[in-house]
Amino acid sequence: MNYFWLDANAIAKRYVVEDGTPLINYLFTHVSAERIICLFDSMDETRFVIVKKRNRTEITVSEFNQAIQQFEVEVVNSPEVVQVHASVNQKEAARQLIHDYPINSSDAYILQCALDKANELRINGHDLILVSNDQRLLEAAKSEGLRTFDPNINNQTTLDILTDAP
């Protein structure tokens, strides 16, 4: 069984319409919340993406309020969605990833935590898919042996295979 680690931009696609939104919506409706994982620190970054859309008037105030409310219910306050808190050791290990790849510290934390979670899941015969449209993060993840999914580039058929959809 595959689990899905979503970065902030991937999560935001659920709440504001943009490229990749249909695939993220599909993921949320076809995978149990227990199989969705994110970095706790990504919650504020996701809020920022939604606020930025409002500030640019790409969404109305009403759409903004609805997006934030739905995000709070489905992710932030969900007892099922797994929110990982990066440990001090993981943050220290992530520093090497910053040196190895052209990624920022937030992405390095995501990558390090995702690598650790993938190793944990693989012990039980499961796998982890990193979901993002950040090409530098995706390339780093692939180089580290993680499977990836880009909702802006990949397609429904690929997602069906990854979600074990009938």
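Let me begin by describing the structure that accompanies this report. Just so it is clear, the model here is predicted, and its values are computed rather than measured.

Let's shift gears to the overall build of the chain. Tallying secondary structure elements over the chain gives eight helices and five strands in all. Put simply, the chain runs from its N terminus to its C terminus through helices and strands in the order β-α-α-β-α-α-β-α-α-β-α-β-α. Its C-alpha atoms give the chain a radius of gyration of 15 Å, within 12% of the compact-globule value 15 Å for 166 residues. Projected onto its principal axes, the C-alpha positions of the chain cover 45 × 40 × 30 Å.

Moving on to the environment of Arg 54. Within the secondary structure, Arg 54 sits in helix H3 (residues 42-55). Residue class for Arg 54 comes out partly exposed when judged on its relative accessible area of 28%. Sequence-wise, Arg 54 and Glu 120 are 66 residues apart; in three dimensions their C-alpha atoms are separated by 38 Å. Apart from residues lying up to four places away in sequence, Arg 54 is in contact with Ile 59 and Phe 64.

Within strand E4 (residues 127-131), five of the five residues are buried, leaving the element largely enclosed by the surrounding structure. Covered by surrounding structure in E4 are Asp 127, Ile 129 and Val 131 together with Leu 128 and Leu 130, the residues of both alternating faces. Direction of pairing for strand E1 (residues 2-6) relative to E4: parallel, over a ladder of five bridges. Within E4, the position partnered with Asn 2 by the bridge is Asp 127. The sheet contact formed by E4 and strand E5 (residues 147-149) spans three bridges and is parallel.

Okay, the side chain of Asp 7 next. Mapped onto the elements of the fold, Asp 7 is located in the loop between E1 and helix H1 (8-12). Within the buried set, Asp 7 has no salt-bridge partner at all; the shortest N-O distance to an opposite charge, 7.9 Å, is to Lys 13. Of the polar contacts made by the side chain of Asp 7, one reaches the backbone nitrogen of Ala 10; its length is 2.9 Å. Setting aside residues up to four positions removed in sequence, Asp 7 forms contacts with Ile 110, Val 131, Ser 132, Asp 134 and Leu 137.

So, about the sheet that holds strand E3 (residues 82-84). Here five strands make up an open sheet; going across it, the order is E3-E2-E1-E4-E5 and the pairing parallel. Each edge of the open sheet carries a strand with a single partner, namely E3 and E5. Each adjacent strand pair in this sheet contributes to an overall mean axis angle of 30°, direction not counted. Direction of pairing for E1 relative to strand E2 (residues 36-39): parallel, over a ladder of two bridges. Bridge pairing links Trp 5 to Ile 37 in E2.

About the cut-offs
- Residues numbered from 1 in each chain as written.
- Predicted model: local features only at pLDDT ≥ 70, side-chain atom pairs only at ≥ 80, totals over all residues.
- Heavy atoms only, no water.
- Helix = DSSP H or I, 4+ residues; strand = E, 2+ residues; numbered from the N terminus.
- Rg over C-alpha atoms; globule rule 2.2 N^0.38 Å.
- Buried < 20%, exposed > 50% of the residue type's maximum accessible area, 1.4 Å probe, protein only.
- Contact = heavy atoms within 4.5 Å.
- Pairing = 2+ DSSP bridges.
- Lys, Arg positive; Asp, Glu negative; His and termini not counted.
- Salt bridge = Lys/Arg side-chain N within 4 Å of Asp/Glu carboxyl O.
- Polar contact = N/O pair within 3.5 Å; in protein donor to acceptor, adjacent residues only side chain to side chain.
- Axes fitted to C-alpha atoms, helices over the stretch in contact; angles between N-to-C directions.

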